[in-house]
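Residue strings, one per chain:
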Amino acid sequence: MDATSGITVMNTSTPCYGLFIDTNNSLYCSFFDLHKVTRIDLNENSTTPITIAGNDTDRSTSSLLNHPCGIFVDIDFTLYVADSSNHRIQRLNYGELNGTTVAGVTTANTTISLNIPTGIVLDGNGYLFIMDTDNFRIVASNFAGF
């Protein structure tokens, strides 16, 4: 297969840094330079994504992102975003635009400091694993938090 063949499933205007496909066959993409996460239903014929988190503004409010990287969607369709330049992990419940910081410097009770997190996954028990890039480590939560 060469670079000119294949099926376009999403049109993008800038590189996508994180990809995820949920159990409903929706494709998620985090746009680092556009400060947002988009979603597209792969069962539909549209290649135009909808924005589900952030926008084109880089801020640290609960509804905005600053250079999102890694993304994960759990079985409840809760979106987790490694919001790298805000040094935090944001959790957005399905259909909500305001997120909650679950790890990093802007949590209500800072339990762990992150420095440019770029990756996030959850294991089968719901524990977070975070690539804390500029601290050169992967950290994990447990039953007590971080």
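Everything in this summary refers to the structure shown in the same document. A quick note: this is a predicted structure, and the numbers were derived from the prediction, not measured. Counting of residues starts from 1 at the beginning of each chain's written sequence and follows it residue by residue. Reporting of local features is limited, given that this is a predicted model, to residues whose pLDDT is at least 70; pairs of side-chain atoms are given and counted only at 80 or more, and all residues count toward the totals for whole chains, interfaces and linings. Excluding hydrogens and water, the side-chain figures rest on all heavy atoms present in the structure.

## Thoughts on the state of the cysteines
So, point 1. A pair of sulfur atoms, both from cysteines and within 2.5 Å, is called a disulfide here. Evaluated as defined, the whole model comprises one disulfide.
So, point 2. What pairs with cysteine 16 in a disulfide is cysteine 29, and their sulfur atoms sit 1.9 Å apart. Of this pair, cysteine 16 sits in the segment before strand E1 (18–21) while cysteine 29 sits in strand E2 (residues 26–31), and the two are 13 residues apart along the sequence.
So, point 3. Accessibility here uses a 1.4 Å probe with only protein chains present; expressed as a share of the type maximum, an area under 20% marks a residue as buried, one over 50% as exposed, and anything in between as partly exposed. Residue cysteine 16 is classed as partly exposed on the basis of its relative accessible area of 29%.
So, point 4. Of all cysteine sulfurs, the one in cysteine 16 lies closest to cysteine 69, which takes part in no disulfide; the gap is 10 Å. Every helix listed is a DSSP run of H or I at least four residues long, and every strand listed is a run of E at least two residues long, numbered separately from the N terminus.

## Some points on the sheet that holds strand E11 (residues 137–140)
So, point 1. With antiparallel pairing, three strands are arranged side by side in an open sheet as E9-E10-E11. Looking at which strands have only one partner, the edges of the open sheet turn out to be strand E9 (117–122) and E11. Neighbour to neighbour, the strand axes of the sheet diverge by 20 degrees on average, direction disregarded. Being paired, for any two strands, means DSSP has found at least two bridges between them. Think of each axis as a best-fit line through the C-alpha atoms, taken over the contacting stretch in the case of a helix, with angles from 0 to 180 degrees between the N-to-C directions.

## Some points on the environment of tyrosine 94
So, point 1. Note that tyrosine 94 resides in the loop between strand E7 (88–92) and strand E8 (100–104).
So, point 2. Spatially, the C-alpha atoms of tyrosine 94 and asparagine 66 are 20 Å apart, while their sequence positions differ by 28 residues.
So, point 3. In what follows, a contact means two residues having at least one pair of non-hydrogen atoms within 4.5 Å. When sequence neighbours within four positions are dropped, the list of residues in contact with tyrosine 94 reads Arg39, Asp76, Phe77 and Thr78.

## As for unusual backbone geometry
So, point 1. Phi is positive for histidine 35, close to 60 degrees, though the residue is something other than glycine.
So, point 2. Residue position: histidine 35 is located in the loop between E2 and strand E3 (36–41).
So, point 3. Its relative accessible area of 7% is what places histidine 35 among the buried residues.
So, point 4. Phi is positive for histidine 67, close to 65 degrees, though the residue is something other than glycine.
So, point 5. Looking at the element boundaries, histidine 67 is found in the loop between strand E4 (50–54) and strand E5 (68–73).

## Here we look at the side chain of threonine 38
So, point 1. Along the chain, threonine 38 falls in strand E3.
So, point 2. Under the relative-accessibility criterion, threonine 38 is labelled buried at 2%.
So, point 3. What threonine 38 contacts, discounting residues up to four positions off in sequence, is Met10, Leu27, Tyr28, Cys29, Phe31, Pro49, Ile50, Thr51 and Ile52.

## Points about the pattern of salt bridges
So, point 1. Any carboxyl oxygen of Asp or Glu within 4 Å of a side-chain nitrogen of Lys or Arg constitutes a salt bridge here. In this structure the tally under the stated criterion is four salt bridges.
So, point 2. Across the pair aspartate 58 and arginine 59 runs a salt bridge whose closest N-O atoms are separated by 3.3 Å.
So, point 3. Between aspartate 132 and arginine 137 there is a salt bridge whose closest N-O contact spans 2.7 Å.
So, point 4. When its relative accessible area of 32% is taken as the criterion, arginine 137 is described as partly exposed.

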